[in-house]
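# Descriptive structure summary
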Amino acid sequence: GTKTLHLRMERHQRNALAVAQFLERHDMVDRVIYPGLENHPQHELAKRQMSGFSGMVSFYASSKLDVKEFLGATHIFTLAESLGGVESLIEHPWTMTHRFIPEKLRLASGVDDRLVRLSVGIEDPDDLIADLSQAMEKGAR
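Presented here is an overview of the structure given in this document.

Rules used in this analysis
Residues numbered from 1 in each chain as written. Predicted model: local features only at pLDDT ≥ 70, side-chain atom pairs only at ≥ 80, totals over all residues. Heavy atoms only, no water. Helix = DSSP H or I, 4+ residues; strand = E, 2+ residues; numbered from the N terminus. Expected span 1.5 Å × (residues − 1). Contact = heavy atoms within 4.5 Å. Polar contact = N/O pair within 3.5 Å; in protein donor to acceptor, adjacent residues only side chain to side chain. Pairing = 2+ DSSP bridges. Buried < 20%, exposed > 50% of the residue type's maximum accessible area, 1.4 Å probe, protein only. Core = buried A, V, L, I, M, F, W, Y, C linked by side-chain atoms within 4.5 Å.

### Observations concerning helix α5 (residues 125-139)
In a regular helix each residue adds 1.5 Å, so 15 residues correspond to 21 Å; α5 covers 21 Å between its end C-alpha atoms and thus fits that length. In this structure, the buried side of α5 is in contact with α1 (5-25), β1 (29-33), β2 (56-61), α3 (67-73) and β5 (115-119). Its side-chain oxygen at 2.8 Å from the backbone nitrogen of Asp-126, Asp-124 defines the N-terminal cap of α5.

Okay, structure coming up:
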């Protein structure tokens, strides 16, 4: 409910930043998209316009990671098309939300088969990072 929204959003954002920083350092990730990261192209704009950076994190997996294996190996992150709950969810736009968009349009908008979206929940951030880490190990090529 709205009574706890501010607490949940604080936790979403804190966890998302921790996850984004973990992903940014991981050798199986080519690029992280999260406005809370200082190297994000719109970081300064987001700081001016927003009171926080949300719980949504996207990343492009490197060719070292089998995305399908990775997606199937998470235990805390649940594979789902609907993002934004209190639990951590993971989504693969190429095969899920954007699959019926013509390939040329998907690629033109930056949606390729390496893109993964996370809705970072309010679980313990160390558990979330451990889950992603073990899934990346299982998905390593």
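### Notes on the sheet that holds strand β3 (residues 78-79)
Taken together, five strands build an open sheet; the order of strands is β1-β2-β5-β4-β3 and the sheet is mixed. Each having just a single partner strand, β1 and β3 make up the two edges of the open sheet. In this sheet, strand β4 (residues 89-91) lies alongside β3 in parallel orientation, the contact comprising two bridges. If you follow Leu-79 over to β4, its bridge partner there is Ile-90.

### Points about the side chain of Gln-13
Tracing the chain through its elements places Gln-13 in helix α1. When its relative accessible area of 18% is taken as the criterion, Gln-13 is described as buried. Separated by 2.9 Å, the side chain of Gln-13 and the backbone oxygen of Met-9 make a polar contact. In this view, Gln-13 contacts Tyr-34, Gly-52, Phe-53 and Ser-54; residues no more than four positions away in its chain are not counted.

### Some thoughts on unusual backbone geometry
Despite not being glycine, Ser-54 has its phi angle at roughly 75 degrees, a positive value. Take Ser-54: it is sitting in the loop between α2 (43-49) and β2. Residue classification places Ser-54 among the partly exposed residues on the basis of a relative accessible area of 25%.

### Points about the nonpolar core
Formed by 29 residues in total, the largest nonpolar core has its most connected members in Leu-23, Val-32, Val-57, Phe-59, Phe-70 and Leu-118. Of the residues forming this core, the biggest block, five residues, is contributed by α1.

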